[in-house]
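# Examining the three-dimensional arrangement
Spelled out, the chains give:
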Amino acid sequence: MKRYLLLILILSIMTPLMVMAQRTATVEGSYTYVVGENDNITLREAKLKCVELAKAEAIKAEFGELITSDVIDTNVETNGEATSSYFWENTVAMAKGDWLGDTKAPEITVTYDKGKLIFHANVKGKAREIIQAKADLKWSILKDGNDKKVETSSFNSGERIYMQFRSPSAGYVAVYLIVGDDETSCLLPYRRDPDGMHLVKSGKDYLFFDKEADPMASYYKLSTERETEDNQVVVIYSSHPFTKCNDITGDERHPNSLSTHDFQKWLLKCQRADRDMVVAKKWVKIRKANIGNH
């Protein structure tokens, strides 16, 4: 019994020390990304990738070498047939550290030399070391297919977006859509949620943005006036209650929104206060409805 009580006492002493060991640091990094004439990537995608790789370098220098890459395979469909695919490698430091937010806007330069575009990014921000496993979320982005909803990261302008979600533990979730450098939309909690929080149960499968699954849901369509546009879906989860950020109420056709800068500041504040918070991101590509669809 004495040994048992001693073990409990040792663990109770070590637990706060382990939490305290999770360091937060200001980090800086740079990366040079080269695009050749035959590389199937847009200028915007190249800039985004260069910045993410610079963040990975900054975290690697501070916390270690283990870095994961989320690879999204996007199929472009014409008349129901896959005609081409591309790989967007969004390199992020998830194993040894979380990028909490920028403390300085990324600096990007682009030069042209011998038929190649050379992107160079410098970044500075706050990062936090990961020393324990976080909740393993299962989530996917869906759209309407042939008589069923299908997982995808490619949308034609005007198509509806859904999200399937499951968490191993009860908690709270929010979903945001970064549509540009100056605008971020709140997709969840819904505008009808009076307290600005969305509770999920342990192990339950949810289909967000679908009124058939949840009469309180709002539904959303992705649209663009450009030939192609990349948006980023951000899922935020914690077992601890948190309230969505202070946004501006949209009209009937648009969700609540705020500037991307204010969103990143709010998210950084939340992550600093909640070490168990999970932030997961995926890219979606939107194409004008008259491109490759008829």
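Our structure is the block above this text.
Residues numbered from 1 in each chain as written. Predicted model: local features only at pLDDT ≥ 70, side-chain atom pairs only at ≥ 80, totals over all residues. Heavy atoms only, no water.

So, on to the overall build of the chain. Across its full length, the chain carries three helices and 17 strands. Counting the 294 residues in the chain, one finds 42% classified as buried. Pairs at least 24 apart in sequence give 74% of the contacts found in the chain among residues at least 6 apart. Looking at the chain as shown, the accessible area adds up to about 16700 Å², and 51% of this sits on carbon and sulfur atoms. (Helix = DSSP H or I, 4+ residues; strand = E, 2+ residues; numbered from the N terminus. Buried < 20%, exposed > 50% of the residue type's maximum accessible area, 1.4 Å probe, protein only. Contact = heavy atoms within 4.5 Å. Areas by Shrake-Rupley, 256 points an atom, 1.4 Å probe, with all protein chains shown as cover.)

Across the sheet, which stays open at both edges, the three strands sit in the order E1-E5-E4 with antiparallel pairing between neighbours. Lying at the two open borders of the sheet, with one neighbouring strand each, are strand E1 (24–35) and strand E4 (97–113). Averaged over neighbouring strand pairs, the angle between their axes works out to 15 degrees when direction is ignored. Helix H2 (residues 43–63) rests against E1, E4 and strand E5 (116–129) of the sheet, and its axis sits at about 140 degrees to E1. Its contacts with the sheet place helix H3 (residues 260–273) against E4 and E5, and it is angled at close to 140 degrees to E4. (Pairing = 2+ DSSP bridges. Axes fitted to C-alpha atoms, helices over the stretch in contact; angles between N-to-C directions.)

Turning our eyes to something else, we now look at the side chain of Glu45. Take Glu45: it is sitting in helix H2. Judged by relative accessible area, which is 3%, Glu45 ranks as buried. There is a polar contact of 3.1 Å between the side chain of Glu45 and the backbone nitrogen of Thr42. A polar contact of 2.4 Å, which involves the side chain of Glu45, links it to the side chain of Lys285. (Polar contact = N/O pair within 3.5 Å; in protein donor to acceptor, adjacent residues only side chain to side chain.)

An α-helical turn contains 3.6 residues, so a residue and the one three or four places further along point in the same direction. Helix length check: H3 (14 residues) gives 20 Å between terminal C-alpha atoms against 20 Å at 1.5 Å per residue, within 8%. For H3, the complete set of buried residues consists of Thr260, Phe263, Trp266, Leu267, Leu268, Cys270 and Gln271. (Expected span 1.5 Å × (residues − 1).)

Here we come to the side chain of Thr152. Looking at the element boundaries, Thr152 is found in the loop between strand E7 (149–151) and strand E8 (154–156). Engagement of the side chain of Thr152 in a polar contact is seen with the backbone nitrogen of Ser154, the distance being 3.0 Å. If sequence neighbours within four positions are ignored, Thr152 has contacts with Ile141, Leu142 and Lys143.

Counting across every chain of the model gives eight aromatic pairs. Relative to Phe209, the ring of Phe208 lies with its centre 6.2 Å away and its plane at 45 degrees, an arrangement referred to as tilted. Looking at Phe208, the relative accessible area reads 2%, which means it is buried. Taken together, a centroid distance of 5.3 Å and an interplanar angle of 80 degrees make the contact between Phe209 and Tyr220 edge-to-face. Of this pair, Phe209 sits in the loop between strand E13 (206–208) and strand E14 (220–222) while Tyr220 sits in strand E14, and the two are 11 residues apart along the sequence. In this pair, the class of Phe209 matches that of Tyr220, namely buried. Three or more aromatic residues link up through ring pairs in this structure, and these residues are Phe165, Tyr190, Tyr206, Phe208, Phe209 and Tyr220. Here the guanidinium or amino end of Lys149 rests over the ring plane of Tyr162, the centre of that ring lying 4.7 Å away. When the ring centre of Trp139 is taken as reference, the NZ or CZ atom of Lys282 above it lies at 4.4 Å. (Phe/Tyr/Trp six-rings, centres within 6.5 Å; stacked < 30°, edge-to-face > 60°. Lys NZ or Arg CZ within 6 Å of the ring centre and 35° of its normal.)

Attention now goes to the pairing of E5. Relative to E5, E1 runs antiparallel, the two sharing 12 bridges. When the bridges of E5 are listed, Ser30 appears paired with Asn122. Of the pairings in the sheet, the one linking E4 to E5 comprises 13 bridges and is antiparallel in character. Along E5, the bridge assignment pairs Trp99 with Ala127. Counting the residues that bridge the hairpin from E4 to E5 gives two residues, and of these Lys114 lies at a positive phi of roughly 55 degrees.

The end-to-end C-alpha separation of H2 is 30 Å, in line with the 30 Å expected for 21 residues at 1.5 Å each. Gly64 lies just past H2 and shows a positive phi near 140 degrees.

This part covers the pairing of strand E17 (residues 278–287). In terms of burial, E17 is largely enclosed, as eight of its 10 residues are buried. Pairing of E8 with E17, which is carried by three bridges, proceeds in the parallel orientation. Residue Phe155 lies in a different strand from E17, and its bridge partner there is Ile286.

This next bit is on the environment of Ile118. Counting through the fold element by element, Ile118 comes out in strand E5. In sequence terms Ile118 and Ala46 are 72 residues apart; their C-alpha atoms lie 9.5 Å from each other. Excluding residues that lie within four positions of it along the chain, Ile118 makes contacts with Thr32, Tyr33, Val34, Thr109, Val110, Thr111 and Asp113.

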